[in-house]
Each structure stands twice: as structure tokens, then as C-alpha cells.
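Here is how the chains run, residue by residue.
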Amino acid sequence: MNLLDASRIALMIAAPPLIIATARHVPRCWHAFAERVRERAPIEPQPYGLPIEKLAADLRRLLRLHGELTASAQSALCAHRVWAVEAAIGARAIEAAGALGVRHPGPDRAGLLTRTEISALLTDLAGAGLVLPARACPFTPDGRL
């Protein structure tokens with residue numbers, strides 16, 4: 001018996017298990033491949049961020065809260081709350097400007113807009129069609145900052 005005969009015998013012994021294993025695993029591999037192709041298929045673009053209606057409602061709520069805080073008699077006690085509300089107004093205004101395509105200033109290193117930047121941005125947003133309170137630019141109904 002030479003080497004060629006030994007390899008033929010080994011092939012005859014190994015072939016049936018290899019064929020059975022291939023028949024069992026090929027459908028699973030094909031299914032996994034098809035799933036990956038489906039996952040990579042282009043899907044509908046999804047909007048980035050909140051809907052503009054939600055942004056507008058948040059801005060109106062924050063502007064109303066800012067007006068209430070600045071009009072209260074305890075404004076010195078709640079200065080940190082006013083600052084936090086102004087930061088939230090600036091953040092929502094930047095998001096709304098991005099959604100509407102309105103040019104907006106970037107926040108400074110602390111991540112905040114100044115009151116004049118917020119006022120100008122709110123004016124631009126109202127000009128772009130976002131429904132805000134009538135006196136939103138100076139933040140309060142009586143015009144105080």
C-alpha cells in the first residue's frame with residue numbers, strides 16, 4: 001500500500017462527516033450573511049434631535065419660568081436658578097436654530113451664551129417662524145433682564 005492509496009482511504013472515511021457538517025452549517029451561515037446585508041441596506045434617514053414642536057414648547061416653558069423667577073421678590077435667593085434657566089434657554093435655542101437652519105453663535109468655553117446672544121438668537125428664531133411669547137427677546141414681559 002502506498003501513500004496514494006492511504007490518502008484515498010482517508011478521504012473516503014472523512015468525506016461523509018464533512019458533507020453532513022457542511023449541509024448542517026451552510027444554511028445558518030447563509031442566514032447570518034443575509035441578515036448582515038439587510039442591516040447594511042440603506043434605511044430612511046432619521047431626524048437628529050427633538051422635533052421642532054417639542055423644542056418650541058420647551059423654549060416657551062423656559063421663557064415663562066424665567067419671567068416668573070425674575071419677577072419674584074426673592075430674585076437674589078434664586079439667582080442660581082435664573083442662571084440655570086438661562087443656560088437651558090440657550091441650549092434649546094441652539095437646538096432649535098440647528099433644526100430651522102438659522103445661524104447661531106457657538107457657546108463660549110463654559111458652554112453658555114450671553115444674554116445678548118440669546119436675545120438675538122430668539123429674535124432670529126421668531127423671525128424664522130418659531131412661535132415664542134411676544135416679549136421673548138428681553139426674557140421678561142416687562143422688559144427687565
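The text that follows walks through the structure, step by step, so that each part is easy to find. (Residues numbered from 1 in each chain as written. Predicted model: local features only at pLDDT ≥ 70, side-chain atom pairs only at ≥ 80, totals over all residues. Heavy atoms only, no water.)

Notes on the pattern of salt bridges
Then, number 1: By the definition in use, this model includes six salt bridges.
Then, number 2: Among the ionic pairs, Asp-58 bridges to Arg-61, the shortest N-O distance being 3.9 Å. A residue pair is termed a helical-turn pair when its members lie 3 or 4 positions apart in one helix, as Asp-58 and Arg-61 do in helix H2 (residues 52-71) at three residues.
Then, number 3: A salt bridge links Glu-86 to Arg-115, with the shortest nitrogen-to-oxygen separation between them at 2.6 Å. In this pair, Glu-86 sits in helix H3 (residues 79-100) while Arg-115 sits in helix H4 (residues 115-127), placing the two residues 29 residues apart along the sequence.
Then, number 4: Salt bridges sharing common partners tie together Lys-54, Asp-58, Arg-61, Arg-92 and Glu-95. (Salt bridge = Lys/Arg side-chain N within 4 Å of Asp/Glu carboxyl O. Helix = DSSP H or I, 4+ residues; strand = E, 2+ residues; numbered from the N terminus.)

Remarks on the packing of H2 against H3
Then, number 1: At a minimum axis separation of 9 Å, H2 and H3 run at an interaxial angle of 155 degrees. As summarised for this structure, H2 and H3 are arranged roughly antiparallel, according to the angle between their axes. Every pair of crossing elements has a handedness; the one defined by H2 and H3 is left-handed. Taking contact as the criterion, the partners of Ile-52, Leu-55, Asp-58, Leu-59, Leu-62, Leu-63, Leu-65, His-66, Leu-69 and Thr-70 in H2 are, on H3, Arg-81, Val-82, Val-85, Glu-86, Ala-88, Ile-89, Arg-92, Ala-93, Glu-95, Ala-96, Ala-99 and Leu-100.
Then, number 2: The residue makeup of the contact of H2 with H3, split by class, is 15 nonpolar, two polar and five charged. (Axes fitted to C-alpha atoms, helices over the stretch in contact; angles between N-to-C directions. Parallel < 35°, antiparallel > 145°, perpendicular 65-115°, else oblique. Left-handed = near helix turned anticlockwise from the far one by under 90°. Contact = heavy atoms within 4.5 Å. Nonpolar A, V, L, I, M, F, W, Y, C, P; charged D, E, K, R; others polar.)

Quick word on the side chain of Glu-86
Then, number 1: The class for Glu-86 is buried, based on a relative accessible area of 11%.
Then, number 2: Polar side-chain contacts of Glu-86 include one of 2.9 Å to the side chain of His-66.
Then, number 3: Setting aside residues up to four positions removed in sequence, Glu-86 forms contacts with His-66, Arg-115 and Ile-118. (Buried < 20%, exposed > 50% of the residue type's maximum accessible area, 1.4 Å probe, protein only. Polar contact = N/O pair within 3.5 Å; in protein donor to acceptor, adjacent residues only side chain to side chain.)

Quick notes on the nonpolar core
Then, number 1: Within the largest apolar cluster, 22 residues are counted, with the highest numbers of intra-cluster contacts made by Leu-59, Ile-89, Leu-121, Leu-122, Leu-125 and Leu-130.
Then, number 2: Looking at this core, the elements that each hand over two or more residues are H2, H3 and H4.
Then, number 3: Here Leu-59 is in contact with Ile-89, Arg-92, Ala-93, Ala-96, Leu-122, Leu-125, Leu-130 and Leu-132, once residues within four sequence places are set aside. (Core = buried A, V, L, I, M, F, W, Y, C linked by side-chain atoms within 4.5 Å.)

Details of the packing of aromatic side chains
Then, number 1: Across all of its chains, the model carries one aromatic pair by this definition.
Then, number 2: Centroid distance Trp-30 to Phe-33: 5.7 Å. Interplanar angle 40 degrees. Geometry classified as tilted. Residue Trp-30 and its partner Phe-33 are located together in helix H1 (residues 3-40), separated by three residues, close to a single helical turn. (Phe/Tyr/Trp six-rings, centres within 6.5 Å; stacked < 30°, edge-to-face > 60°.)

Quick look at H1
Then, number 1: The largest bend along H1 measures about 35 degrees and falls at Ala-14, with the proline Pro-16 one to four residues further on.
Then, number 2: Sitting at the head of H1, Asn-2 places a side-chain oxygen 3.0 Å from the backbone nitrogen of Asp-5. (Bend = angle between axes of the 7 residues up to and from the residue.)

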